[in-house]
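# Understanding the architecture of this molecule
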Amino acid sequence: MTRAAPPPARRLQAALDAGDLDAHDPRLGARGSLLRAVALARHGRLAQARAAAEAALKDRPDDAAVALAAAAVLRATHDYQRCLDALAAAARAAPAATRAAATRIVGYASALGWEREVAAAIALGRAADPTDPTWDAFEAQLHLRSGDLELAIAAARRGLQRAPESAKLRMELAAALARAGHDHDCALEVAAAVRLAPADDAAFYHRAAAFALLETGDLAGAARHGEAGLRLRPDDPALALTLADMSLWTGDRARALARAEAVPGPRGRAGACRIRGQLQLADGDGDAALRELELACSVPDPAAELSRAEALIRLRAWEPAHAALTRATAIGDGYLFAAWMLRFLAAAGERPAPDAPVNPRQIEEFAEALAEVSPHGPAALAADRQGPLVDATRDALARMGCNRSAFATYHDGHVLRRLSTRTGVRHASRQALQTIRSADPARALALLDAACARWPRSSLPLAHRGELRMWLGDDAGARADLEGAIAINPRTRWAYVGLTLLAQRTGDPAGALAVSAAGIAQMRGTVGPAVHAHRAGARAATGDLAGALADLEHAVVSHPARIGAWVELGLTYAAAGDQPGLVRAFDHLRAHAPGLVSDAAAAVQRPAWGDMSFTPCSEDQATILAEALVMLRGNRSSTCVTYVTRAGQLRTVPHGPAAAHPMTRIDADLTGIRTMLLRSLGAS
């Protein structure tokens, strides 16, 4: 009795697994071609994988399975717009595939920072099944990512009307309520979410509960859930260090240090160094504290940088203190008002004038917090003199103990309290600006209008609104806002930064440099990090390539997430004939802003990715970067990078380390697609 031959699809897959990437069986049609495309993509043969996927789509344009599979391949080849086009085609080809297509768009597009495409996919999925709360959960996550808490809360509550037993929606709502300052409602939702959570996901829900309650100031509840989460999943250094911090804040020094020292790996060692340094700083030993805090900063940690800056200020090392504060605000999230308290102390230490009035911009970010934390705060603010404000600020920092996190606490003389002031003018303006990630431009501008109305004596909301208008292409509106900011406070650094870029955009590089110089003069000769990123183009345009390179290299070192500076740096390297420098910048952008590079490459029809270790030629790299620079429309932000494609699509680059498409995730996706194709070909 002879054994039946394996089906053709199984034979083809066996050949591909054996390394024969040229294997092909025409009897299997487009789906067989996609099996080969998956294998090619997994082996780094991206150009061939792309061609095979496109051929399959052309061969079977109305086959939903083909479109879903081709989309996964095109994602792996970095053809992101074509990937989303294929998923949209899958939804059109078969209504039954709409949920799968929309869900994939949500996952793929959110990793790229393309939140408007996420919103469109949510609408597509909701139209196919309006009763499914999945789309409300996705929408809540979308708005949470962009910081639009009002819309996040509304989406989560809408979903809970459809699925009141959804633990996921309850926890999404709790997170949004915590960040919005609705502490009591957050506690109710946390309790419901943990009660409803599936047993297999208990560790995740306890962890999420701990951070939500920490935001509200319920340290006992946060510790209880944190302990429960850590028992279920001991390998969670972030949670373990947070529990150590809570012990530190409540005064249990020994337990805090023991907890931190028990956390394995570099993060645990750095956390223990930070806590030792903070304790030494609290005890007045600045030199010993600085040694520990230098070690702590080997791992990105805004609290370590803030404590390091505090030690440097005590040692009167002003320049490195300012640098540490810049790093802290670059890597930190949330309302880090302690950074602005420390910056004020550094400025006052450099230029002591105890009886002189203080420029409002120096204290406006922490004025409300100062009035809450220090009993001396209200009188010092009313007196508006440097000396009393320095004393009140030092008192506030002392009452905050070792806590330099975004979850600010202080001792009121009797008990430890969570700060009820959760925002300042700078933080609120920046949060309103960043809603542009998902919000309609009119909504983001309206939120900035509200910030202008809440803080009418501050120039910062106006400057942020001008920045957004510039990104949106409204140069006249941007100029009016930036000039208005200067009229309120002539020492508004970013207003000059924005006007510098506007002058450069209108073809006046000499004027741009003059505006930049005027801003630096207003700021007593200090050059802020944003200045370097925004005046470099004008320097290059006037022939000062060395000055432009110095500015841009400084900009990307101080804020590595400043994508616009990386684009200009690559182009400036190209203009200077520095091929290795161009390649470094281009490779950085392919890794950290793949969506922007993909869109720019598609617009100019030049390849950005190919087979194996392919790198485009210098001319193609420069052409792609030049298009990316146009798309950025002047955006040089380090936290909210927007761009506009030739088709008018407003898109963003995800904030934070570039983990948009880790290879493990792509490989798992391709493995799932291979299984789907084999099943559809009768070889499951």
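For the structure itself, consult the block above.
In this report, we go over the structure that sits alongside the text. (Residues numbered from 1 in each chain as written. Predicted model: local features only at pLDDT ≥ 70, side-chain atom pairs only at ≥ 80, totals over all residues. Heavy atoms only, no water.)

To continue, consider the overall build of the chain. Helices and strands together make up the secondary structure of the chain, namely 37 helices and 4 strands. Relative to the 2.2 N^0.38 estimate, which gives 26 Å for 684 residues, the radius of gyration of the chain is 27 Å and therefore close to what a compact globule would have. Projected onto its principal axes, the C-alpha positions of the chain cover 100 × 65 × 45 Å. A separation threshold of at least 6 residues defines the contact pool for the chain, and within that pool the share at least 24 residues apart is 59%. As displayed, the chain offers around 28,000 Å² of accessible surface, 55% of which is attributable to carbon and sulfur atoms. (Helix = DSSP H or I, 4+ residues; strand = E, 2+ residues; numbered from the N terminus. Rg over C-alpha atoms; globule rule 2.2 N^0.38 Å. Contact = heavy atoms within 4.5 Å. Areas by Shrake-Rupley, 256 points an atom, 1.4 Å probe, with all protein chains shown as cover.)

In terms of nonpolar packing, the biggest core is built from 94 residues, with Leu-34, Leu-87, Val-567 and Leu-596 touching the most fellow members. Broken down by element, this core gets its largest block of residues, 11 residues, from helix α4 (residues 64-76). With sequence-adjacent residues up to four places away left out, Leu-596 is seen in contact with Ile-563, Val-567, Ala-628, Met-631, Leu-632, Tyr-643 and Val-653. Formed by 47 residues, the second largest nonpolar core is a distinct cluster that contains Ala-174, Val-190, Ala-210 and Leu-241. (Core = buried A, V, L, I, M, F, W, Y, C linked by side-chain atoms within 4.5 Å. Buried < 20%, exposed > 50% of the residue type's maximum accessible area, 1.4 Å probe, protein only.)

Position of Pro-654 relative to the elements: it lies in the loop between β4 (650-653) and α37 (663-680). For the pair formed by Pro-654 and Gly-466, sequence separation is 188 residues and the distance between their alpha carbons is 22 Å. Aside from chain neighbours lying at most four places away, what touches Pro-654 is Ala-111, Leu-112, Gly-113 and Arg-437.

Next up on the list: the side chain of Arg-75. For Arg-75, the location among the structural elements is in helix α4. Note on Arg-75: relative accessible area 4%, which makes it buried. Only 3.5 Å separates the side chain of Arg-75 from the side chain of Asp-669, close enough to count as a polar contact. (Polar contact = N/O pair within 3.5 Å; in protein donor to acceptor, adjacent residues only side chain to side chain.)

A positive phi is found at Arg-316, a non-glycine position, where the angle reads about 60°. Its place among the elements puts Arg-316 in the loop between α18 (302-314) and α19 (318-331). For Arg-316, a relative accessible area of 56% gives the class exposed.

Turning our attention to the layout of surface pockets. Approximately 500 Å³ is the volume attributed to the second largest pocket. In terms of lining, the second largest pocket is formed by 24 residues, of which the most central are Glu-310, Ile-313, Arg-314, Leu-345 and Arg-394. Elements supplying a minimum of two residues to the lining of the second largest pocket: α16 (265-282), α18, α20 (337-350) and α24 (386-399). Grouping the amino acids of the lining of the second largest pocket by side-chain chemistry returns 13 nonpolar, 6 polar and 5 charged. (1 Å grid on protein atoms, 1.4 Å probe; cavity = no way out; pocket = protein on both sides within 12 Å on 5 of 7 lines; lining within 4 Å. Points joined across faces, edges and corners; volume = space filled by probe spheres on them. Nonpolar A, V, L, I, M, F, W, Y, C, P; charged D, E, K, R; others polar.)

Once that is clear, we can look at the environment of Gly-221. Summarising the element assignment, Gly-221 is placed in helix α13 (residues 219-232). Residues Gly-221 and Ala-210 lie 11 residues apart in sequence; the distance between their C-alpha atoms is 7.0 Å.

To continue, consider the side chain of Thr-500. Structurally, the position occupied by Thr-500 is in helix α29 (residues 493-505). Classification of Thr-500 by relative accessible area gives buried; the value is 2%. Polar side-chain contacts of Thr-500 include one of 3.4 Å to the backbone nitrogen of Ser-516. Setting aside residues up to four positions removed in sequence, Thr-500 forms contacts with Ala-512, Val-515, Ser-516, His-534 and Arg-535.

What follows is about the pattern of salt bridges. A full pass over the atoms with the stated rule returns 59 salt bridges. Notably, a salt bridge pairs Arg-314 with Glu-310, separated by 3.7 Å at the nearest N-O pair. Taken together, the residues span about one helical turn, with Arg-314 and Glu-310 both in helix α18 at a distance of 4 residues. Judged by relative accessible area, which is 46%, Arg-314 ranks as partly exposed. Measuring nitrogen to oxygen at the nearest pair gives 3.0 Å for the salt bridge that ties Glu-627 to Arg-646. With Glu-627 in helix α36 (residues 618-632) and Arg-646 in the loop between β3 (641-644) and β4, this residue pair connects regions lying 19 residues apart in the sequence. Classification of Glu-627 as buried rests on a relative accessible area of 11%. (Salt bridge = Lys/Arg side-chain N within 4 Å of Asp/Glu carboxyl O.)

The next subject is empty space enclosed by the protein. Going through the model one piece at a time under the given rule, you end up with 2 cavities of 30 Å³ or more. By volume, the largest cavity amounts to about 70 Å³. Lining the largest cavity are Arg-493, Tyr-496, Val-497, Thr-500, Ser-516, Gly-519, Ile-520, Met-523, Thr-526, Val-531, His-534 and Arg-535. The set of elements that each furnish at least two residues to the lining of the largest cavity consists of α29, α30 (509-522) and α31 (529-541). When its residues are assigned to classes, the lining of the largest cavity shows 5 nonpolar, 5 polar and 2 charged. For the second largest cavity, the calculated volume is near 30 Å³.

Here we take up the packing of aromatic side chains. Counting across every chain of the model gives 6 aromatic pairs. Geometrically, the ring pair formed by Tyr-335 and Phe-337 is tilted, given 5.2 Å between the ring centres and 40° between the ring planes. We note that Tyr-335, like Phe-337, is buried. A centroid spacing of 6.0 Å and a plane angle of 45° characterise the contact between Phe-344 and Phe-366, whose relative ring orientation is tilted. Placement of Phe-344 in helix α20 and of Phe-366 in the loop between α21 (360-363) and α22 (367-373) is noted, with a sequence separation of 22 residues between them. The pair Phe-344 / Phe-366 is uniform in exposure class, with both members buried. These aromatic residues form a ring-pair network of at least three members: Tyr-80, Trp-114 and Trp-609. Between the NZ or CZ atom of Arg-426 and the centre of the ring of Trp-340, over which it lies, the distance is 4.1 Å. Above the ring of Tyr-573, the side-chain terminus of Arg-584 is found at 5.8 Å from the ring centroid. (Phe/Tyr/Trp six-rings, centres within 6.5 Å; stacked < 30°, edge-to-face > 60°. Lys NZ or Arg CZ within 6 Å of the ring centre and 35° of its normal.)

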